[in-house]
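Results of the structural survey
Listed below, chain by chain, are the residues.
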Amino acid sequence: QAKTKVRKQKGEYFESLDAVRTALTETRLALLRVIRKRKPKSVAELARIAKRDFKAVYRDVEALRDLGLLQVADRRQGASSPLRSTTTEIVLRIAV
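Owing to the predicted nature of the structure, the values given are computational and were not obtained by experimental measurement.

**Quick look at helix 3 (residues 43-50)**
Burial in helix 3 covers these residues: Val43, Leu46 and Ala47. Angularly, the buried residues of helix 3 cover 100° about the axis, an arc narrow enough to put them on a single face. Along its buried surface, helix 3 packs onto helix 2 (26-38), helix 4 (54-66) and strand 2 (83-84). Backbone geometry just after helix 3 places Lys51 at a positive phi near 55°.

**Points about the pattern of salt bridges**
Tallied over the full model, the rule gives four salt bridges. A salt bridge links Asp60 to Arg52, with the nearest nitrogen and oxygen atoms 2.8 Å apart.

**Comments concerning the packing of helix 3 against helix 4**
Across the interface, helix 3 lies against helix 4 with an axial gap of 9 Å and an inter-helix angle of 115°. By the angle between their axes, helix 3 is roughly perpendicular relative to helix 4. Crossing of helix 3 against helix 4: the hand is right-handed. Between helix 3 and helix 4, the residues in contact are Val43, Ala44, Leu46 and Ala47 and Phe54, Val57, Tyr58 and Val61, respectively. Its residues assigned to classes, the contact of helix 3 with helix 4 comprises eight nonpolar, no polar and no charged.

**Looking at the packing of helix 2 against helix 4**
Helix 4 packs onto helix 2 with a crossing angle of 80° between their chain directions and a minimal axis gap of 10 Å. Regarding the angle of helix 2 to helix 4, the classification is roughly perpendicular. Here helix 2 contributes Thr27, Arg28, Leu31 and Leu32 to the contact with helix 4, which in turn contributes Val57, Asp60, Ala63 and Leu64.

The rules we used
Residues numbered from 1 in each chain as written. Predicted model: local features only at pLDDT ≥ 70, side-chain atom pairs only at ≥ 80, totals over all residues. Heavy atoms only, no water. Buried < 20%, exposed > 50% of the residue type's maximum accessible area, 1.4 Å probe, protein only. Helix = DSSP H or I, 4+ residues; strand = E, 2+ residues; numbered from the N terminus. Arc of directions from axis to C-beta. Contact = heavy atoms within 4.5 Å. Salt bridge = Lys/Arg side-chain N within 4 Å of Asp/Glu carboxyl O. Axes fitted to C-alpha atoms, helices over the stretch in contact; angles between N-to-C directions. Parallel < 35°, antiparallel > 145°, perpendicular 65-115°, else oblique. Left-handed = near helix turned anticlockwise from the far one by under 90°. Nonpolar A, V, L, I, M, F, W, Y, C, P; charged D, E, K, R; others polar.

Here it is, written out as structure tokens:
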């Protein structure tokens, strides 16, 4: 019997559509678009560009980073941390 290789799937898995909606809000998706287009040098710069409160943007950046949709360069404390995203699309598959 021939063995078939299973391709490893990289991704995030959610329990429900509500969980997806909670994680991927329109505001967070808008931040991803701004990051790809403007390449901000820090969360503070992203907050200024997006015209949003720093703390709220910081929370959204952390959530996007936890999902693997955003990379924050590690820098020494007090220095800016450039934000980058290579995400070009998010595919949602639902098994029925």
